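A closer look at the structure
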Amino acid sequence: MKTRRSFIQTVAAPILALPLLDNEIREKLLADIPYDGPVLKVALMGLGGYATIVANAMQSCTKAKITGLISGTPSKLTAWQSKYGVDPKNCYTYQDFDAIKNNKDIDIVYVITPNGLHKDQVIRVAKAGKHVICEKPMAINAAEGKQMVDACAKAGVKLFVGYRLHFEATTLEVIRLRKAGEFGSIRFFQGLSGFKIGDPTQWRLDKKLAGGGSMMDIGIYSINGARYMVGEEPVWVTAQETKTDPVKFKEGVDETITFQMGFPSGAIASCLSTYAMNHLDRFFLDGEKGFAEMLPSTGYGPIKGKTNNGEITQPHVTHQAKQMDELAEIIFSAKQPVVPVDGGEGLKDLRIIDAIFEAVRTGKKVMI
Ligand code: NAD
C-alpha cells in the first residue's frame with residue numbers, strides 16, 4: 001500500500017511542483033492524501049470551558065492528538081479519559097504533573113487554566129522538558145511573561161500562545177491584501193472587543209486569578225489584532241477607563257477601557273475593551289487606498305471579512321483544529337507561521353497591557 005509520503009514523492013510531487021498551481025488547489029490535493037507523518041502528542045491542562053472546545057475540535061486534527069490530561073478533579077479525569085480515549089497512565093493532577101518528564105506519550109502541554117496560574121504552570125512544564133502552549137493572556141503582566149520566555153529558553157523547549165486567529169483564513173487574507181498594498185499606506189485601525197460578563201463570582205472577575213478584567217480576557221484581541229492588521233508595533237498608548245458597576249468590577253478589575261495606540265509610520269489605533277456590552281467584535285483597517293472590515297473578527301467563526309472591493313470568501317475551518325495541526329507542523333517541519341505564535345509574541349501584548357494600565361492610572365501618554 002502507498003504511504004502518504006511515497007505517494008507525494010512519486011505521484012503528487014510533479015503536480016504539486018507546477019509553478020502555476022494555485023495554493024488553494026495545492027492544499028486541496030494534499031488534504032485528499034492520508035497523513036502518515038509524525039503526530040504531536042498533547043496533554044491538556046485545566047479541563048474547563050475552553051479546554052472542552054479545544055478537545056472537541058482536536059477530534060478532526062490529523063497532526064495532533066490528545067494523549068494526556070492534567071486536572072484537579074478526579075471525576076473529570078475519568079470522564080475525559082473515556083471520552084477522548086486517553087490512557088489513564090497519562091493522567092495527572094496539579095500536584096504530580098512534574099512526572100510528565102518521564103512520559104514519552106506527551107510532547108507538549110496545553111495550559112488552559114485561569115490567567116494568574118499560567119506562569120508557574122508553564123515554568124513547571126518547561127522544567128519537565130516538554131514544549132508548552134499557553135492560553136492568552138500568556139501571563140498577568142510582562143514581568144511574569146518574561147520569566148516564562150526565559151524559563152522555556154533555558155529548558156530548550158518551545159513556548160507558544162493559543163493565538164488561534166493567527167491561522168484563520170479570512171484574517172490571513174486581510175494581512176495578505178495589506179502586504180500587497182491593496183489598502184495603500186495604513187493610517188487607522190479600530191478594534192472593538194467585548195461581551196457582557198455574567199456570574200460575579202467567577203475567576204474572570206477575581207484580580208488575583210484574572211490579572212485584571214476585560215482587557216486581559218477580551219481587550220487583548222484588539223491589541224493583538226491591531227498589531228497584525230496594521231503590521232507594526234505600537235510605540236505609545238493612551239487610555240481611559242469607565243465603570244458603571246463598581247460592586248461587580250472591583251479595584252483592579254476593569255469593566256470598560258478605551259485605548260489608543262500610535263505606530264512608527266504615524267498610523268493610529270482606537271480600541272474598546274469591555275465586559276459591559278454584548279456582541280462587540282469588530283475590526284476595521286483603513287489605508288490611503290482602501291479598507292478592510294471584519295465582523296465578527298475574533299469569535300470562533302465563521303469570521304466575516306470585506307474590503308472596498310467586496311466580500312472576502314475564505315473557507316471556515318474550526319480554529320482550534322487548524323491551530324493544533326499548524327503547531328504540529330511548526331514543531332516537526334520548522335514551518336514559519338505568517339504571524340508569530342511564540343512566547344515573544346505573547347510578551348509583546350503583555351507589555352502593551354502594562355502600558356495601558358499605566359496610562360489609565362496616570363492619565364498620561366505612555367511610551368512602549
Ligand atoms: P474555565 O473557568 O471554563 O476553565 C478553567 C479550568 O481551570 C477549570 O477546569 C478549572 O477547574 C481549572 N482550574 C484550575 N485551578 C483553578 C483555580 N485555582 N481556580 C479556578 N479554576 C481553576 O475557563 P476557560 O474559559 O476555559 O479559560 C481558561 C483559559 O483559556 C484562560 O486563560 C482564558 O483566557 C483562555 N481562553 C481562551 C480562549 C481562546 O479563544 N483562545 C477562549 C476562552 C478562554
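You'll find the structure just up there.
The structure presented is a predicted model; accordingly, all values stated were derived computationally and were not measured.

In this section: empty space enclosed by the protein. For the structure shown, the criterion picks out 1 cavity of 30 Å³ or more. Considering only enclosed or pocket space, the largest cavity measures out at about 70 Å³ in volume. Lys136, Gly162, Tyr163, Arg164, Leu165, His166, Tyr221, Asn224, Gly225, Tyr228 and Thr298 together form the lining of the largest cavity. Split into classes, the residues belonging to the lining of the largest cavity amount to 4 nonpolar, 5 polar and 2 charged.

The next subject is the site of the ligand. Taken together, 24 residues lie around the ligand, and Gly49, Asn115, Lys136, Arg164 and Trp203 are the ones closest in. In this structure, an oxygen atom belonging to the ligand sits 2.7 Å away from a main-chain N or O atom of lysine 136. Here an oxygen atom of the ligand sits 3.1 Å away from a polar atom, N or O, in the side chain of tyrosine 221. Burial of the ligand by the protein chains amounts to 77% of its free accessible area of 830 Å². The set of elements that each furnish at least two residues to the shell around the ligand consists of helix H3 (49–57) and helix H9 (214–230). Along the lines of polarity and charge, the residues of the shell around the ligand split into 11 nonpolar, 7 polar and 6 charged.

What follows covers the pattern of salt bridges. Scanning the model with the defined rule gives 18 salt bridges in all. The partner of lysine 63 in a salt bridge is glutamate 329, and the shortest N-O contact between them spans 3.0 Å. Placement of the pair is lysine 63 in the loop between H3 and strand S2 (64–70) and glutamate 329 in helix H10 (residues 319–333), with a sequence separation of 266 residues. The buried category is assigned to lysine 63, whose relative accessible area is 15%. Of the residues examined, glutamate 329 reaches a relative accessible area of 22% and is grouped as partly exposed. For arginine 124, the salt bridge is made with aspartate 98, and the minimal N-O distance between the two is 2.6 Å. Here the residue arginine 124 occupies a position in helix H5 (residues 118–127), and aspartate 98 occupies one in the loop between strand S3 (91–92) and strand S4 (108–111), the gap between them amounting to 26 residues. Sharing partners across several salt bridges, the network here consists of Lys63, Lys322, Glu326, Glu329 and Lys335.

Cut-off values and rules
Residues numbered from 1 in each chain as written. Predicted model: local features only at pLDDT ≥ 70, side-chain atom pairs only at ≥ 80, totals over all residues. Heavy atoms only, no water. 1 Å grid on protein atoms, 1.4 Å probe; cavity = no way out; pocket = protein on both sides within 12 Å on 5 of 7 lines; lining within 4 Å. Points joined across faces, edges and corners; volume = space filled by probe spheres on them. Nonpolar A, V, L, I, M, F, W, Y, C, P; charged D, E, K, R; others polar. Near = heavy atom within 4 Å. Polar contact = N/O pair within 3.5 Å; in protein donor to acceptor, adjacent residues only side chain to side chain. Areas by Shrake-Rupley, 256 points an atom, 1.4 Å probe, with all protein chains shown as cover. Helix = DSSP H or I, 4+ residues; strand = E, 2+ residues; numbered from the N terminus. Salt bridge = Lys/Arg side-chain N within 4 Å of Asp/Glu carboxyl O. Buried < 20%, exposed > 50% of the residue type's maximum accessible area, 1.4 Å probe, protein only.

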